[in-house]
Amino acid sequence: MRYLVLLVSLLLPSALTAQEWEDRQVFGTSEAVSLRILSSTDTSFFAPIIEDFIETAPHISVEYLVTGTVDLDHAFRASPADFDVVISSAMDLQFKLTNDGFAAPLVDLDHPEWAQWHDRLFAFTSEPAAIVINRKAFGDLPLPRSRQDLIALMRAHPDRFQERVGTYDVRQSGLGYLFATQDARASETFWRLMEVMGRTGARLYCCSGQMIDDLRKGELVMAYNVLGSYAQAQAEQSEELTVILPSEFPTTMMRTVLMSKDARSPQAAEGFIRHLLMLQETGDALKFPLPPLTQSQNDDLLRTINLEPALITYLDKIKKQAFMREWENALVQEYRNYTP
Amino acid sequence: MAVILFVVVRALATQVAQQGQDNILNASLSSILDTAVVRDGSVTLDFPYSSFSMLSTNADDRVYYAIYEDGTLLSGYEKLPAPDVLKADHRHFDTASFSGEKIRIASGARLLLASDGPRTVSVSVAQTQDALSETLNAISRNVALLGVGFFILSSGLALWAASTTSSQLHRLTRSVTRRGPQDLSPVTKAVPTEMGPLVGSLNMFMQRLDHTLQQSEDFIAEAAHRIRTPLATVRSHAEATLQRVEHAENRAALQSMVRAIDESSRAAGQLLDHAMVTFRTENLNMEEVDLVEVLQDLVQRMTPVAEMKDIALSLQTEGPAVLAGDAILLQNALRNLIDNALKYAPSETDVVIRTAKDDGISISILDDGAGFDLAEMHTLSGRFVRGKDTGNKIGSGLGLTIAQEVTTAHGGTMTLRNRPEGGACVTLSF
Ligand SMILES: Nc1ncnc2c1ncn2[C@@H]1O[C@H](COP(=O)(O)OP(=O)(O)O)[C@@H](O)[C@H]1O
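Here we summarise the structure given alongside this text. For clarity, every value in this text was computed on a predicted model and none was experimentally measured.

Turning next to the overall build of chain B. Along the backbone of chain B there are eight helices and 14 strands. The buried share of chain B, taken over its 430 residues, is 47%. Partitioning the contacts of chain B with sequence separation of at least 6, the portion at a separation of at least 24 is 66%. Accessible surface, chain B as shown: approximately 20900 Å² in total, 55% of it carbon and sulfur.

All right, on to the overall build of chain A then. For chain A, the helix and strand inventory stands at 13 helices and 14 strands. Counting only residues that meet the buried cut, chain A has 56% of its 340 residues in that class. Contacts spanning at least 24 positions in sequence make up 79% of the contacts within chain A whose residues lie at least 6 apart. Total accessible area on chain A stands at roughly 14900 Å², and carbon and sulfur atoms take up 50% of it.

Residues and elements named next belong to chain B. The residue Leu284 is located in the loop between helix H5 (248-282) and strand S8 (287-290) in this model. In this structure Leu284 comes out as partly exposed when scored by relative accessible area, which is 24%. For Leu284, the contacting residues outside a window of four places in its chain are Asp326, Leu329, Ala409 and His410.

Attention now goes to the side chain of A:Ser30. Residues and elements named next belong to chain A. Residue placement: Ser30 occurs in the loop between strand S1 (23-27) and strand S2 (33-39). A polar atom in the side chain of Ser30 sits 2.6 Å from the backbone oxygen of His59. Filtering out sequence-adjacent residues up to four positions away, Ser30 remains in contact with Pro58, His59, Ile60 and Ser61.

Residues and elements named next belong to chain A. Within the structure shown, the criterion is met by 22 aromatic pairs over all chains. With a centroid separation of 5.5 Å and 25 degrees between ring planes, the pair formed by Phe46 and Tyr64 is classed as stacked. Placement of the pair is Phe46 in helix H2 (residues 43-56) and Tyr64 in strand S3 (residues 60-66), with a sequence separation of 18 residues. Take Phe46 and Tyr64: they sit in the same class, and that class is buried. Taking the centre distance of 5.9 Å and the plane angle of 70 degrees together, the rings of Phe138 and Phe161 count as edge-to-face. Of the two residues, Phe138 is situated in helix H5 (residues 135-138) and Phe161 in helix H7 (residues 158-161); the sequence distance between them amounts to 23 residues.

This part covers the sheet that holds strand S9 (residues 312-316) of chain B. Residue and element names in this part refer to chain B. If you trace the five strands from one edge of the open sheet to the other, you get S9-S11-S12-S14-S13, paired in mixed fashion. Sheet topology places S9 and strand S13 (413-418) at the edges, where each strand pairs with a single neighbour. Geometrically, the sheet is characterised by an average inter-axis angle of 15 degrees between neighbouring strands, direction not taken into account. Note that S9 and strand S11 (residues 350-357) share five bridges and pair parallel. Within S11, the residue paired with Leu315 across the bridge is Ile353. Lying over the sheet, helix H6 (residues 291-308) contacts S9, S11 and strand S12 (361-366), oriented at roughly 170 degrees with respect to S9. Helix-sheet contacts for helix H7 (residues 327-344) involve S9, S11, S12 and strand S14 (424-429), and the interaxial angle to S12 is about 25 degrees.

Bringing the state of the cysteines into the picture now. Residue and element names in this part refer to chain A. Following the criterion strictly, the structure yields one disulfide over all chains and no others. Sulfur-sulfur distance for the disulfide between Cys206 and Cys207 comes to 2.2 Å. Between Cys206 and Cys207 the disulfide shows an S-S torsion of about -65 degrees. By sign, it is left-handed.

Residues and elements named next belong to chain B. Ordered in space as S4-S3-S7-S6-S5, the five strands form an open sheet in which the pairing is antiparallel. Of all strands in the sheet, those bounded by a partner on one side alone are strand S4 (72-76) and strand S5 (91-98). In this sheet, neighbouring strand axes are inclined to one another by 25 degrees on average, regardless of whether the strands run parallel or antiparallel.

Time to look at the environment of A:Asp52. Residue and element names in this part refer to chain A. Within the secondary structure, Asp52 is located in helix H2. Classification of Asp52 by relative accessible area gives buried; the value is 12%. For the pair Asp52 and Phe288, spaced 236 residues apart in sequence, the C-alpha separation works out to 9.4 Å. In contact with Asp52, not counting residues within four places along its chain, are His275, Leu279 and Lys287. Engagement of the side chain of Asp52 in a polar contact is seen with the side chain of His275, the distance being 2.8 Å.

Attention shifts here to the site of the ligand. All names here are of chain B. As a matter of local geometry, the ligand sits amid 19 residues, with Asn340, Tyr344, Arg386, Gly387 and Leu400 nearest to it. Note that an oxygen atom of the ligand is positioned 3.0 Å from one of the side-chain N or O atoms of Lys343. Arg386 is positioned such that a nitrogen or oxygen atom in its side chain is 2.4 Å from an oxygen atom of the ligand. Across the complex, the protein chains shield 95% of the 530 Å² of accessible surface that the ligand would expose by itself.

With that out of the way, let us pick up the interface of chain B and chain A. Each partner contributes residues to the interface: chain B has 24 residues there, and chain A has 23 residues. Both faces considered, chain B and chain A share a buried interface measuring about 1900 Å² in area, 52% of it formed by carbon and sulfur atoms. Sorting the residues of chain B by area buried against chain A places B:Tyr49, B:Asp60 and B:Arg62 first, and these three jointly supply 41% of that buried surface. Viewed at the interface, chain A and chain B are joined by one salt bridge. Where B:Asp46 meets A:Lys319, a salt bridge forms, and the shortest distance between an N and an O atom there is 2.7 Å. Every element with two or more residues in the side of chain B that touches chain A is listed here: strand S2 (42-45), helix H2 (50-53), strand S3 (63-69) and S4 of chain B. Along the lines of polarity and charge, the residues of the side of chain B that touches chain A split into 13 nonpolar, six polar and five charged.

It is worth spelling out the nonpolar core at this point. If you look at the biggest cluster of nonpolar residues, it comprises 147 residues, and the most contacted ones within it are A:Leu35, A:Phe46, A:Met194, A:Met222, A:Phe272 and B:Ile67. Contact partners of A:Met194, with chain neighbours within four places excluded, come to A:Tyr224, A:Trp327, A:Ala330 and A:Leu331. Within the second largest apolar cluster, 40 residues are counted, among which are B:Ala333, B:Leu337, B:Ala341 and B:Leu342.

Scoring rules and cut-offs
Residues numbered from 1 in each chain as written. Chains lettered and ligands numbered in written order. Predicted model: local features only at pLDDT ≥ 70, side-chain atom pairs only at ≥ 80, totals over all residues. Heavy atoms only, no water. Helix = DSSP H or I, 4+ residues; strand = E, 2+ residues; numbered from the N terminus. Buried < 20%, exposed > 50% of the residue type's maximum accessible area, 1.4 Å probe, protein only. Contact = heavy atoms within 4.5 Å. Areas by Shrake-Rupley, 256 points an atom, 1.4 Å probe, with all protein chains shown as cover. Polar contact = N/O pair within 3.5 Å; in protein donor to acceptor, adjacent residues only side chain to side chain. Phe/Tyr/Trp six-rings, centres within 6.5 Å; stacked < 30°, edge-to-face > 60°. Pairing = 2+ DSSP bridges. Axes fitted to C-alpha atoms, helices over the stretch in contact; angles between N-to-C directions. Disulfide = S-S within 2.5 Å. Near = heavy atom within 4 Å. Buried area = accessible area lost by both parts, 1.4 Å probe. Salt bridge = Lys/Arg side-chain N within 4 Å of Asp/Glu carboxyl O. Nonpolar A, V, L, I, M, F, W, Y, C, P; charged D, E, K, R; others polar. Core = buried A, V, L, I, M, F, W, Y, C linked by side-chain atoms within 4.5 Å.

Shown next as C-alpha cells:
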C-alpha cells in the first residue's frame, strides 16, 4: 500500500493540484526560481511582505498557497518536498512538525531566544485571542471585561444571545483547538463558558474571517476566541465591532515559520525567512501588516503560549480524544438537546 | 597527574549531568504514568502540561514519548526503542538512537487492575542530548584548561620543590577522586598559595555543577507538587461519590480508584520528600534535637494507622537522646522506617522502637513481619528499588533511600538485618 501511494505520487506530481486551496496567488514574474509558501494566513496580510521581498530579490517568484491549519499540517506531512516555507498560526502543529524533524536548521539568525525553537521554528507575531462584539446588536448591555462577565451576561439574557454567539469549531480548526486547550489549561472558567455557549446554541466556525463577517452582518452578537489581529483590522473600518481582550488572561498566540528540510529552493526559502523576521523587527506597519512580536515573557497581561515541548501534550491521541469528547459534551450535545 | 585530574573530573561531570537528565526524565515519566487509569474498560492517561514542559532545555532538545498497553502502542511515537520486558514500578534508562540522533530514554510500567483482569501500561519518555553535551563540552574545555594549567603549574612547582608539593597535589587529587557524585562542596583544604587560583576555578566549576543538579531537584519537587494537589481533589470527590453509590460493582471500582489515587499521591509525596532531603542534606540546618521527643511525637501520630492493623506500636527509651542535626530530616527518615514496619508486618503483632546510648545514639525499629530477603538486602536502599515480594503493598522504593541519605548526612550509618526470632530490624547509629 505504501509503495502504491509512493508510485502514485511519483507518477502524478500534479496530484497536488487536487488539493483545494482557500487561495492561491503568484507574485513576481521571474521564471528562474520559484518559492512555494504554504500558509494559513490570509493573502492580504502577506502580500506586502512578499512584494517587499521580491523587490530585494527580483529573480525569485513566489507562489502563496493558503489553507486551514489542520489541512496544512496534513498536506505538508504528505509531501514535504513540495513546499519550501510553511507558515501557520497553530503553534502546536508547527512545533510537532519541527520536533518530528520536518524543518531545516537556519543558523546565525539574530532573533530572540524565546521566539525560536531548535534553530528551526521562528515566531514572528504576537496575536491575542479576543472577544468581539457587535455593538448595535449588543444594545444597552454592559460590555463584558472578562470570561466571567460573558457567562453572567449570557445567563441573564438568553434571548438576546440565542443562536447568535460564535466560536471556533475545534474539530476543524487547529488554531481553535490550540486556543481552547490553552484556555482549558489556564482556568476552569473555560468549561463553564463552553457549557453556557452550548446551551445558548453557539454557532461553530472554521475560521476567524467568517466569524467576523457574521458579526458585521449582525448575525452574531458576540464571538469568542477570535483572532485579535483580524478583528482589529475590521474594527478600524466598521463602527459596529468592538474588540475586547479578556482581562484575566488573553491567550496570546505567535505565528510561526519554518523551512522544509526537503525544500527545493532552500536559498530562496532562507532568504525569505530572514527578510520576514527583519521586517517584523522594523515594525513598519505598511510592509508588515501583522502585529509584531511583543516581549511579553514577563508580562502577565499577555499570556503568550510558549514555544516548548509541552505543546505536543494536547496533540497526544488519548488527550485529544478526551478533550474533544468533553468539548462536544459541553458545546454540541447540549445544543442538540435544547428545547426552547 | 593533570591527565588523572582531567579524566576523574570529566567522569564525575558526565555522571552528574547524566543523573540530572535521568532525574528529569524520570519525573516526567512518573507524572505521565501516575495518571494512567482504566475508564469504561479502556486505559486512558490525562497527563499534565508540565510533564513535557519540564523537559525544556537551553539547547531546545527534542522530546519523544510512547504509551503502550500490554505492548501495543496507545499513542505517541511508534518505533521508539523501548525495552520489551518491564517490571512494574521499576525504571529503565537507556541510551539509544532515534531518527538519526542520540537519545536518552527512560521507561517504566504500571499494573492497572481493571474489572476484567490486570493491564500493564508502560510509558517511555526520551530526549535528545544536545544540552547535555553542550554542558559537558563546556566543562571539558574548562577542565582541559585546568588540566593544562595544572600541568604547567605542577611541573613548575616540581622544579622548585618536587617533594613537598607533589605530596600536596596528591592529596588534592585524592580528595577530588574520593568524592561521591553528590558531594560538590568546595575544596577547602589548605593549599599552597600558588595553587589558590587553580583550586578556585575547580571550586567554581563544582558550584556550577551543583547548580545544575539543584535545578533538576527543583523540577521534581515542582512536578510532584503539581500532581499531588489535583489528586487530593479527585480523591475527595471519589470519597464523596463512594458514600452515595450503592451498586457493589461501582463501589469496588471506586474503591480501587481511591487506592490508585493514594498510590500516586504517595509516590508523588515521596518524590517530593526525596527532593527535599537531597536539597536539605547539602544545607543541613543544625540544631539540638532530642530524638526521643521526635519519636514520641511520631508514635502518637502513627498510632491510629497502627490500630487500623491491630498493631501495637511501642517506644522503649532510656532517657533523652540529644544530637546535633536537622529535625525535619530526622523526623522524615524515622517516619519512613516506622511506616515500612507498619506496612510490612502482619496484623496483630508488635512494632517496637528502641533507643540506646553506648558510644553514640542508636535507634532500632523492630517488627514481626517476614523480614528482608537476604539476597536483595544490600540493594534495597537504592533509589526506586523495591523488594521482589512486596505483594500489593503500596510503595515507591524511596523510603529506605531517604532514611539512608539522611543518616549518612548526619555522619551515621543505617544497618538492615533480620532478627533471629523473625522480623526485620533497621538500626540507625549516630
Ligand atoms: N520492615 C520491613 N520488612 C520487610 N521488608 C521491608 C521492610 N522495610 C523495607 N522492606 C523492603 O525494602 C524495600 C524498599 O523499601 P522502601 O525503600 O521503603 O520502599 P517501599 O516504598 O517499597 O516500601 C521494600 O520494597 C521491601 O521489600
